[in-house]
Amino acid sequence: MAIDHSGNTDFGGGHYGLNLIWSASQSISGNYSDISATLQISAYGGYSIVANATKYGHITIDGEQFDFSAVVGTLKASNSPKTLATAWKRVYHNTDGSKYLDASASFSLNATLSGSWVGTITTAADYSLDAIPRASSISTSNFTVGDNVTVNVNRASSSFTHSIQLDVNGTAIKTASGVGASYTWTFTEADVKKIYAAMGGATSGSVVLWCNTYSGSTLVGDAKGTATCYQVGNSTLQTAPTFVIGDSRAYTINRLRTAVTHTLQIYAGSTLVKTITGVGTSYTMTLTEAEIAKIYALGTSVSTKVVCTAYHYGRNIGTSQQTGIASAPPVSSITSSPNHTIGSGYTTSISRSRNAVTHTLRLYVAGKQIKEIGGVGTSYNWVPTQTEIAAEYAATPNGNTAAAQATIWCYHYGKLIGTATAGGTATVDPVEAAPVFSGFSFVDKRPETTALTGNNQVLVAGESALEVTIPAAQAASSTTSATIKQYILYCGGATTSAAYSASDMTIQLAGASSGSIRVAAVDSRGNQTVVERLASLVPYTPPRITQMQLRRDNNVDNKTKLTVKGVWWPGNFGAADNALSSAYQYKVTSAEQYTDGGTVSITITGEEWSFDGYLPGDLGIEGFDFQKSFSVVLNVTDAFTTAAANGIVDRGIPTMHMDKGGVGIGKIRENGALDVEGDVYSADKRLVRVNEAMLYRRQRGDSDTLDDAASEYGYNYSTSGSGLYGPYISAGALNGTATLQLASNTQSGHILKFRTKDVTTSKWNPWRTVYNDASKPYAINSLGNLNIETGRTSARGNIYTYNTIATSAGAPVTYSSVLGFGRNTAGSIEICGDWLGGKGLWIRSLRDTTDSWTGWTRVFTEAYKPTPAQIGALSTDRDVTIAWGNGGYYVTFAGRFQICTKQISGTAAITNPWGNSYESTSSFDFGLWPRKFTATPATFVALAPSPNGGSYSVEPLIGTNATNIGHTYLYRSANISNNVPFALFALGIGEWK
C-alpha cells in the first residue's frame, strides 16, 4: 500500500518514455483519498521528438476518464520530461478502509521516430492505497470467574479511543471508556455473583466483548469479540482421614483460588460426626468427647470419610473426599512382672499410648481374681490386705508356686479398646506356710533287740524296729489353706511315710540306724515341719568278710588252702555281749546241692577276725579232686547277722604238660607230638585257627588239574578248561574245599578269569573273563535291515540293533536305526532314530504280561518342540496378552482374568503428624489402570526398589475403582523435611473389560 505511485512505458526502441505519476491525500473521518495524477513524456540520451501538431490523450482514475490535448513541440533529453496533462479525483475507500486504485493513461503521438511509426502509447499505475484506519477489533483469553480480565484492542490508529463492555450470557457485567490498546477489569464480589447468576447452573458462560471505536469524538465503527468464562475448578482434599481416635488430624486442601473457602464434613461410617465451615487450605481437626463417642458407637476401627465442599463467593463449585480408618489407640501394655511372694504385693507398671486411656486392673492367682482396681493410669502399687493374702493362699492349696496374672482393661473415652496381660509367679512363703506340728513318742518294737538291750528306748543300729506314735492332740495342721497329706519318719538313712490322720496314729520303721528320730509333717504344697527326738543308740555293725582266697597247692594238687579275713562288732548291747562263729559248705561247680564242710576255727583280735589253713573236701583231709572244679561258701555269724562269701576252686590244669608222646600247651597232651588248646599266633598274626586247615603253596605239573585243588595258591598249566598259563588262587570253605578259583595269564599279562563251584551239585561253573582296560567286551553288531516286530513278538536278543529302509514295515520314519534292550517278552524297550534327516527320536515298549508292542511315541527335542496343546499349556497367541498402556503393563487371560501393574516415582517430604508417625505432605496418584477392569479390582501397593526403599512405608490405596488406580501416602516413624526419592509399585487383579 502506498500514498503515491507511478507507471512508465518505454517506446521508440526504448529511447522514449510515457510516465503516469499520482499521489494521494487521505481523510480518516471521510474514509476517502484525493488523487492527483500527472502524465509526462521523456526522451533519453541523444534522441529527441519534434512534434508541433496538437496531440490527444486521456487519464483514467478509478474508472473516470479525463481527456486532454497537448503539443509536444521539440523534446530532448535535456528538457525532459514534459508534462502533457494533470487530473484530480476523490476516491472513497471500502468500509474496512482498504482501496485498490485503477490508474492509467493513453497518448496518441502519431509520429515517425527514427524511421519508425509510433501511434498511441498507453501506460498504467494501478496500486493499493494505504488503508484508512477503521473500527478496532477486541479480544481476550478465556478466563476463570473472579480472575482479572485483560482486554486487548487491536486499533487501526494510535489516536483511536474506545468504549468497551463485557457481557456474560447476555448480561452486562463491566464497562469502560476512553480505552486505548488494552484494559484490565477487576471484579468485585458483586461482579462475581452477577456472573454466576448469568451462568446459572452451568460451569461455563459465553462472553461477548463490545467495542466502539472513536477518532476524536467521531464514531469510526464498532466490533465485538468472544470468549468463555469458567467456574473456578474444584479443590482437592489432600489428606486421608486415617487417624487415631482422639488425636488431632491436620487436613490440607489444594485450592485453585484464594477466594475459595471450604466446608469439611467428617463421617464415621454413614454418621456425620463434625462439620467445619470457612476452611482455607488447611485445618487441624480436634474432636470433642461427644464427637469421639459417635465414632466409638460404631466400633474401635471404623471406616471414615471427609467430604470437602468448595465455595467460590457462595457458589458450590464441587466436592472432594478422602476415605480412611479411624482406629482406637494401641492397647496399653504391662511393663512389669507380677512375680511376688504371697503376702508382699507388687507394683504394676503400665505403658499407655495416650493420656486419655485409663485402665481397670484385675489381679489373679491361679486363675482366681484377688483384687480389682478402677481408674488406673500408668502404675498401681498393691499392698495386700489380710483377706487378700488369705485368698491368695486359698488359690494355691497344692503347690508353693502358682501362676500370677495382672490384666488391664483399657478404656479410651469410656470405650473398651482392648486388654493386656502380664504373667508371672506367685510364690508361697515356706516359713509362713509351714505346717503346725508339735511332737511324737517312740519305742523299739523288735523283741530280739529289746532282749539284748533290756530297754525299748534304746535302739540297736540297723536292727531295731522303730515305732513312732502321733497323738490326735499333736496332729499337724495348716493355717494357710493347705491340707496335711502325710508324715515322714527319718532315722539314719532309712525313711518311711504314712498318710495323715487326725486320730492317734503310729508309724513303724525297720532297721533304725541312728539315735536321731525325725518326723516331718508334709502338707499339700510339699512344705514340711520337722520334729526331732533323740534315742540311745547301740553302734552295732554286722560282721563282714573283707578278704577270701582258695588255692590248690602248686595250682594243680588236691590240697586246697583257705585264707580269709574280716571285721565284726565285739561290744555289749546292754543286757548281753555280742558273739561270733564260722562254718563252710562246698559242692562240685556243676552240682545243685552243697555239702556241709564243718566249722572254721577263726581267730578273733579285737574288731578283726581271720583264718589261714587247709579245708577238708570231697577227698576228706586230702582236699578237693584236682580234676574237678568246686564252689565253696563261707558263713560268719554274730548275734544278728550272718555274712557269707563264695569262692571257686578251679581244676588243676597245667600251662604245659609233657609226657613221652609229646607236649601239651594249655592242656593235657592227648594227640600228636604237639597238642595246642586255642589259636596259634606269630608276631600278632594268626597262623592257625581252631578247626581250620592251613593255606599252603603247591607246585602243579602237566598231569595235575585245578579240579581237585583245595584252599591254596600255585601255578596252573592251562588245566580244567581255563586256557591260561600262570598263577592261580583257590579258596573256599573252612574244611579246605575250594569254591572260588582265580586264574591269570603270564604270557599276555592282561587276562584274568574266575569260576565258582555249585555247592549243591559239587560241579564247577564255566570260566568267566574279567574285563579291564586291556580286555574289553565286543561291540554290538547290527542285525541288518529288518521289519518292526509286532504283537508280542520279541526274539532279537537282550541288547540288539538294526536298521529300517524303504522296504521295511512298521517304523515311524522310513530310514532309521533301532536300538532294543530288555528281556524279550518279559519286558523290552526300542528307541528309533531318523538317520536320513536327523528329524528326531521315537520310543515304544512291550510289557511283561499280555499287552502287545505300544505305538511309537515321539520324543521332544530342540529340533522338535512341543506345541502348547501337546503339553496342556496356554497358547500365547490366543489365550494370553501382554501389553503396555497408560504407563504400565497389563496381562489378560482367557476367561477374562487380568493383572495390571504400574510404577511411579518422585520425591516426598514426610512431615505431617499422623498418630505416632508422620505422613507425606501430599498424596501420590497412580493415574489410570493400564487397562480398564469390569469392577474395582483387588489391589496391592508396595515400595519398589529405590535408594531410600527402607526409610519409609506406604499406606493402602485410596480412591481405587475400575478405571483409576487411586492414590496413597508415605509414612515413617520420624519426620523428614528434605525431599527423598521414592518409587511405588501398584498391582491390580480382576476381570478385564
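For the structure, see preceding data.
Attention in this report is confined to the structure presented alongside it. All values derive from a computational prediction rather than experimental measurement.

Reading guide: rules and limits
Residues numbered from 1 in each chain as written. Predicted model: local features only at pLDDT ≥ 70, side-chain atom pairs only at ≥ 80, totals over all residues. Heavy atoms only, no water. Helix = DSSP H or I, 4+ residues; strand = E, 2+ residues; numbered from the N terminus. Rg over C-alpha atoms; globule rule 2.2 N^0.38 Å. Contact = heavy atoms within 4.5 Å. Areas by Shrake-Rupley, 256 points an atom, 1.4 Å probe, with all protein chains shown as cover. Lys, Arg positive; Asp, Glu negative; His and termini not counted. Charge placed at Lys NZ, Arg CZ, Asp CG, Glu CD. Buried < 20%, exposed > 50% of the residue type's maximum accessible area, 1.4 Å probe, protein only. Pairing = 2+ DSSP bridges. Axes fitted to C-alpha atoms, helices over the stretch in contact; angles between N-to-C directions. Polar contact = N/O pair within 3.5 Å; in protein donor to acceptor, adjacent residues only side chain to side chain.

### A look at the overall build of the protein chain
Tallying secondary structure elements over the protein chain gives five helices and 78 strands in all. In summary, the protein chain has a C-alpha radius of gyration of 67 Å against a globular reference of 30 Å for 993 residues, an excess of more than 25%. In terms of its C-alpha atoms, the protein chain occupies a principal-axis envelope of roughly 210 × 115 × 60 Å. Taking all contacts inside the protein chain whose residues are at least 6 apart in sequence as the whole, residues at least 24 apart take part in 56%. Put simply, the protein chain shows about 50100 Å² of open surface, and 49% of that area lies on carbon and sulfur atoms. Side chains of the protein chain carry 70 positive and 69 negative charges; the gap between the two charge centres is 9 Å.

### Side note on the pairing of strand S35 (residues 441-444)
The alternating pattern of S35 places Phe442 and Asp444 on a buried face, while none of Ser441 and Val443, on the opposite face, is buried. Here four bridges tie S35 to strand S37 (residues 464-470), and the two strands are oriented antiparallel to one another. Note on S37: the bridge partner recorded for Ser441 is Thr469.

### Looking at the sheet that holds strand S47 (residues 595-599)
Consider a sheet: its strands pair through backbone hydrogen bonds, and that pairing is either parallel or antiparallel. As summarised here, the arrangement of the four strands in space is S47-S46-S50-S51, forming an open sheet in which the pairing is antiparallel. Across the chains shown, the open sheet's two edge strands, defined by having one partner strand only, are S47 and strand S51 (642-649). Here the average twist between neighbouring strands, direction ignored, is 20 degrees.

### Things to note about the side chain of Thr563
Its place among the elements puts Thr563 in strand S45 (residues 560-567). Separated by 3.0 Å, the side chains of Thr563 and Asp612 make a polar contact. Excluding residues that lie within four positions of it along the chain, Thr563 makes contacts with Gln547, Met548, Gln549, Phe611 and Asp612.

### Looking at the sheet that holds strand S2 (residues 16-27)
Pairing is antiparallel across the open sheet formed by four strands, whose spatial order is S1-S2-S3-S6. Only two strands of the sheet have a single partner each, and these edge strands are strand S1 (4-11) and strand S6 (82-92). Sheet twist, expressed as the mean angle between neighbouring strand axes with direction ignored, is 15 degrees.

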